[in-house]
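Observations on the model geometry
Letter by letter, the chains look like this.
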Amino acid sequence: MALIKKRSVMAGLPPGSLVYIGGLNAMETRIDVIDFTEAEASEQRVGSIGDCEEYLSRDSITWINVTGLGNVELLRSIGERFSIHALVLADILNTGKRSKFEEHDDYLFLILRMLHESADNSIASEQVSLFVGNNLVVSFCEQDGSVLAPVAERILSGKGRIRKSGSDYLAYAIMDVIVDGYFPMLEDLGGRIETIQSSAIGEARPEQLQDIDKLKQSMMLLRKNVLPLREVANRFELSEHELVDEKLGPYLRNVYEHTIQIIDLMEMLRDMTESAFNTYMTTVSNRMNEIMKVLTVIATIFIPLTFIAGVYGMNFENMPELKIAWAYGIAWAVMIAMAVSMLIFFRRKRWI
């Protein structure tokens with residue numbers, strides 16, 4: 001709801017107006033630059049986009065990672081420096097976008113959804129935008145993009161083929177690490193579902209229903225984010241843009257296959273969530289049936305006892321049994337005998 005309210009500020013503004021609309025609290029904007037060739041790599045934090053000029057003039061691959069989107073003027077200067085279309089900049093600042101892939105004359109633009117676990121064990125979504133140019137990748141993250149740290153580590157340590165490839169491979173590596181981040185989320189959800197289902201078999205508690213509802217919301221968020229991500233991987237793989245090397249095809253196909261695996265796992269977990277809910281409702285229903293059975297047995301036993309007590313409580317004068325000395329004890333003995341006989345009968349019928 002807060003995100004919807006923030007979007008209302010865009011009402012009436014012309015297309016391409018730069019206003020930060022984010023679901024996360026805006027943090028101070030910082031710029032980290034990783035510049036690398038096959039032989040060496042360096043990392044530095046700079047204060048403005050102008051400080052990146054020395055890297056852009058080199059014959060190397062430059063990754064500019066912008067974290068925090070609250071400084072709109074800084075993003076405007078980045079857009080002017082790299083000739084990024086105003087609508088693309090608006091998409092970067094409007095962080096509620098679906099994952100998408102766009103081809104422009106001189107660059108590629110990708111929006112990816114990165115997932116992380118929040119403090120209350122729910123899943124939160126964060127937008128990562130990628131501007132891919134010739135020997136250049138500019139990434140825009142809402143908050144601390146620690147998910148991207150493995151990519152930076154591989155560049156600085158020289159592991160893999162990332163330093164031997166171009167900006168398209170760097171964009172693939174970022175997308176790959178974001179997609180791979182979905183798997184731990186799915187594993188955690190699977191463990192939580194199994195725990196709830198196991199505990200619900202023994203005893204159904206109201207908090208279990210709340211946990212199941214949170215799981216359903218998490219599954220809806222996963223589905224909302226992973227389906228467009230599959231389309232992005234597919235379009236990136238099929239792209240014939242000059243910035244995309246044909247040799248990148250197998251790697252992008254691998255990412256696409258990962259998204260298919262995520263969707264399959266997600267469908268399985270959704271079925272498990274429904275099964276956990278059904279288990280909870282079955283346990284509640286069985287418990288209610290047990291309670292009703294006990295109450296029914298008690299009521300059934302007391303029906304004849306109530307009848308006897310009612311008959312001899314009518315206070316008519318011509319009731320010969322009232323004159324017997326042992327009538328009170330006999331009445332108790334009859335009622336107890338009837339109650340015990342009915343309990344034995346119910347036991348033999350296995351109704352209790």
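Criteria and thresholds
- Residues numbered from 1 in each chain as written.
- Predicted model: local features only at pLDDT ≥ 70, side-chain atom pairs only at ≥ 80, totals over all residues.
- Heavy atoms only, no water.
- Axes fitted to C-alpha atoms, helices over the stretch in contact; angles between N-to-C directions.
- Helix = DSSP H or I, 4+ residues; strand = E, 2+ residues; numbered from the N terminus.
- Parallel < 35°, antiparallel > 145°, perpendicular 65-115°, else oblique.
- Left-handed = near helix turned anticlockwise from the far one by under 90°.
- Contact = heavy atoms within 4.5 Å.
- Nonpolar A, V, L, I, M, F, W, Y, C, P; charged D, E, K, R; others polar.
- Disulfide = S-S within 2.5 Å.
- Buried < 20%, exposed > 50% of the residue type's maximum accessible area, 1.4 Å probe, protein only.
- Pairing = 2+ DSSP bridges.
- Salt bridge = Lys/Arg side-chain N within 4 Å of Asp/Glu carboxyl O.
- Patch = residues over 30% accessible without salt bridge, like charges linked within 9 Å, V, L, I, M, F, W, Y side chains within 5 Å.
- Areas by Shrake-Rupley, 256 points an atom, 1.4 Å probe, with all protein chains shown as cover.
- Lys, Arg positive; Asp, Glu negative; His and termini not counted.
- Charge placed at Lys NZ, Arg CZ, Asp CG, Glu CD.

So, about the packing of helix α6 (residues 167-180) against helix α8 (residues 206-238). Helix-helix packing is characterised by the crossing angle of the two axes and by the distance between the axes. Put simply, α6 and α8 touch, their axes get as near as 12 Å, and they point 155 degrees apart. For the element pair α6 / α8, the angle class is roughly antiparallel. Like other packed secondary-structure pairs, α6 and α8 cross with a definite hand, here left-handed. Taken together, the residues of α8 that come into contact with α6 (itself represented by Asp168, Ala171, Tyr172, Met175 and Val179) are Leu229, Val232, Ala233 and Phe236. Taken together, the residues that form the contact of α6 with α8 break down as eight nonpolar, no polar and one charged.

The next thing to look at is the state of the cysteines. The tally for this structure, following the rule as stated, stands at zero disulfides. Free of any disulfide, Cys141 has its nearest neighbouring cysteine sulfur in Cys52, separated by 15 Å. Exposure remark for Cys141: the relative accessible area of 0% places this residue in the buried category.

Looking now at the environment of Gly158. Along the chain, Gly158 falls in the loop between α5 (149-157) and α6. Here Gly158 falls in the partly exposed class, since its relative accessible area comes to 35%. Each C-alpha atom, one on Gly158 and one on Lys97, is 34 Å from the other, the two residues being 61 residues apart in sequence.

Here the focus is the sheet that holds strand β7 (residues 136-141). Consider a sheet: its strands pair through backbone hydrogen bonds, and that pairing is either parallel or antiparallel. Spatially, seven strands are ordered β2-β1-β3-β7-β6-β5-β4 in an open sheet, and the strand pairing comes out mixed. This sheet does not close on itself; its edge strands, each paired only once, are β2 (41-46) and β4 (100-103). Averaged over all adjacent pairs, the angle separating strand axes in this sheet is 20 degrees, with direction ignored. Against the sheet, helix α4 (residues 86-93) makes contact with β4, β5 (108-117), β6 (123-133) and β7, and its axis sits at roughly 0 degrees relative to β5, the strand it touches most.

For the rest of this paragraph, the subject is the pattern of salt bridges. Opposite charge on two side chains allows them to pair when their charged atoms are near. Tallying each qualifying case throughout the model produces 16 salt bridges. For Asp188, the salt bridge identified is with Arg192, shortest N-O distance 3.6 Å. In this pair, Asp188 and Arg192 are both assigned in helix α7 (residues 182-202), four residues apart and thus about one turn of the helix distant. Residue classification places Asp188 among the partly exposed positions, given a relative accessible area of 30%. Among the charged side chains, a salt-bridge network with shared partners connects Asp91, Lys97, Lys100 and Glu102.

Once that is clear, we can look at the environment of Val284. Among the structural elements, Val284 can be located in helix α9 (residues 249-311). When its relative accessible area of 32% is taken as the criterion, Val284 is described as partly exposed. Taking the C-alpha atoms as reference, Val284 lies 10.0 Å from Pro206; in sequence the two are 78 residues apart.

Judged by side-chain charge, Glu103, Glu240, Asp245 and Glu246 come together as a negatively charged surface patch. Residue position: Glu240 is located in the loop between α8 and α9. Glu240 gets classed as exposed once you look at its relative accessible area, which sits at 77%.

Within α4, six of the eight residues are buried, which leaves the element mostly enclosed by the surrounding structure. Restricting attention to buried positions, one finds in α4 the residues Val88, Leu89, Ala90, Asp91, Ile92 and Leu93.

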